[in-house]
Amino acid sequence: MDELREHSAYAELNRLDDFIIICGFGRVGQHIAAQLEKDQLHFAIIDSREAGVLKARRLGYVVIHADASKNSVMQEAGINNGARAVICTAGDDVVNVYITLTSRHLNPDIKIISRANNQGNVKKLYQAGASNVIQPFEIAAMVAAEYIGQPVAFEAILGIIHEQSHIIMGTLYVYSGSFIDGMTIAGIGFEQRKLMLIGVISANAMQGKYKNSYPLQNQHFYFNPEPHFVVGDGDLLVVMGREYAIDYFRDQIEENRLKGVGRR
Amino acid sequence: MKRIAVFGYSTLSLEAMSRLNQQQYSFVFIGKNDAEAALIAEQGFDAKVIDFRNDDELRAIGVGADIDILFCFFPRDFDNVFLTISARAIDKNITIVASVDDPESAEKLLAAGADKIIDPYEICGRKTHEILTRPEITNILDDTVFGRHDLNMAQFEVPEGSCLETTKISDLKLNEKHNLILIGVVEGALNGQLHFAIGEKEHRLKAGDILVVIGPARSIKSFKREVEQCGD
């Protein structure tokens, strides 16, 4: 019976071309699965513990009862065939390092997010190939610290981040040739579009002349850019507003870009 | 300076204490035994051993007197529930932040009188989901607002008689005048209605409203000064 179920799980994953592999279905894995289900994103769970497998099955999730640290299990699950990310959620950092290393070895380009239970292991997880490392107790401590300092601000901003309010934060990509490519912030008219511009993420060295710049990995984040700030190809606008207003403007940028391409 | 009592020897306790600015907060760590207290004292924090089940011992460390905030970070939920109920009975104004292990305990902690529940597993799950689905926004907020850069979030209460009273949200133009982004305005206390600064029905400010903003520390400081002085 188990084999049959496994076979059908693999068969289902073979049909998909964009899904996420969650390794471990403990407390953290369950929260992630619930969020992805809400987003209607495809995912598969791999867990070697029977209790986790039964729970995932009861919830109707695609689940493989196996050890995710084995190459064959990850390969059959589709790490090179449709999976876009691997999430290591174990409460044991030794297991997470091993699964991270296995996944990175099998797929050099895949996104790997791993949980670190001990601060001392964060570096090891990055060395093993993790793209991002999450420390539950560090983030929880940050939440406690921010809450007691500015409870109103914190709850308001958290509501937006968690998309619990009708106003959300989103990003808009500036395509080359789109109508906003080369436009100033004043010219774009965010207010008329019922959007609020928080800032611009840019790797463009020309933007270096503007103030309010914060280093962000290989790019810079320009907070509250001035009206004469010119956006260009590859910049990412970080805005706040109703979801439909963000989507509508994104569609306009896209549509306009396609027309621009057609004219060339 | 606010005084915080931290109960429970855990990573969460240590992380929270090291994250908070020691110029704004003073801490007393409460261990269950000498070994726990010694480990925390080694990190430079004041540490004591008491039996948290005894109200007199809670009072002796300052609950009901100079302790403003309680972190109930015991690993076991029932210890946190008992501590929350005891502290709330002693001081109805104390701020209680409690961690949970089992999500089902959250409601019990709220019923016991906790103000904020911290579920590290839920937070970790959410964070992973955010990194997966909205990496750019997560990176910005982590590196700036929640990180150690100079970009912060802040809240300002509109004082009685302030020049801000009766001002329309749309007329504030904090981004142009103060280099601050106004997220919105919360009417009154923590659970008051949040009016977003964008695309919402117009709201006129009144005393007690709280402005929620993001901006560089220096801009926040100068706007705070202006808000405090403008009614004089």
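Residues numbered from 1 in each chain as written. Chains lettered and ligands numbered in written order. Predicted model: local features only at pLDDT ≥ 70, side-chain atom pairs only at ≥ 80, totals over all residues.

Further remarks concern the overall build of chain B. Across its full length, chain B carries 10 helices and 10 strands. When the backbone C-alpha atoms are referred to their principal axes, chain B occupies close to 55 × 45 × 35 Å. Out of the 232 residues in chain B, the part that is buried amounts to 44%. Partitioning the intrachain contacts of chain B with sequence separation of at least 6 by distance along the chain shows that 60% fall at a separation of at least 24. (Helix = DSSP H or I, 4+ residues; strand = E, 2+ residues; numbered from the N terminus. Buried ≥ 20, exposed ≤ 12 C-beta atoms within 10 Å, placed from the backbone. Contact = placed C-beta atoms within 7 Å.)

Between the first and last C-alpha of helix α6 (residues 120-133) of chain B there are 20 Å, a value that for 14 residues agrees with the 20 Å anticipated at 1.5 Å per step. The buried fraction of α6 of chain B is high, at 13 of 14 residues. (Expected span 1.5 Å × (residues − 1).)

By a widely used convention, the size of an interface equals the accessible area lost when the partners come together. Taken domain by domain, chain A holds domain 1 (2-137) and domain 2 (166-263). Here domain 1 of chain A and domain 2 of chain A have C-alpha centroids that lie 34 Å from each other. (Domains from an automatic or database assignment.)

Assigned domains within chain B: domain 1 (2-118) and domain 2 (151-229). Measuring from the centre of the C-alpha atoms in domain 1 of chain B to the corresponding centre in domain 2 of chain B gives 32 Å.

Contacts between the two partners involve 58 residues from chain A, matched on the other side by 55 residues from chain B. Class assignment of the residues belonging to the side of chain A that touches chain B gives a composition of 40 nonpolar, 10 polar and 8 charged. (Nonpolar A, V, L, I, M, F, W, Y, C, P; charged D, E, K, R; others polar.)

Moving on, we come to the sheet that holds strand β7 (residues 167-173) of chain A. Strand pairing in a sheet is mediated by backbone hydrogen bonds. Such pairs are either parallel or antiparallel. All names here are of chain A. A sheet is described by the order of its strands in space; here 5 strands give the open sequence β7-β11-β8-β10-β9, paired in antiparallel fashion. The open sheet has two edge strands with one neighbour each: β7 and β9 (213-216). The average angle at which neighbouring strand axes cross in this sheet is 25°, direction not considered. (Pairing = 2+ DSSP bridges. Axes fitted to C-alpha atoms, helices over the stretch in contact; angles between N-to-C directions.)

Counting 94 residues, the largest nonpolar core has Ala44 of chain A together with Val6 and Phe71 of chain B as its most contacted members. Per-element tally for this core: the top contributor is helix α7 (residues 136-149) of chain A, with 7 residues. Setting aside its immediate chain neighbours within four residues, Ala44 of chain A contacts Ala9, Leu13, Phe19, Ile21, Val62, Ile64 and Ala77 of chain A. (Core = buried A, V, L, I, M, F, W, Y, C linked by C-beta atoms within 7 Å.)

At a minimum axis separation of 8 Å, helix α2 (residues 27-38) of chain A and α6 of chain B run at an interaxial angle of 45°. The orientation of α2 of chain A relative to α6 of chain B falls into the category oblique. Of the two possible hands of crossing, α2 of chain A and α6 of chain B adopt the one that is right-handed. Between α2 of chain A and α6 of chain B, the residues in contact are Arg27, Val28, His31, Ile32, Gln35 and Leu36 of chain A and Tyr121, Glu122, Cys124, Gly125, Arg126, Thr128 and His129 of chain B, respectively. (Parallel < 35°, antiparallel > 145°, perpendicular 65-115°, else oblique. Left-handed = near helix turned anticlockwise from the far one by under 90°.)

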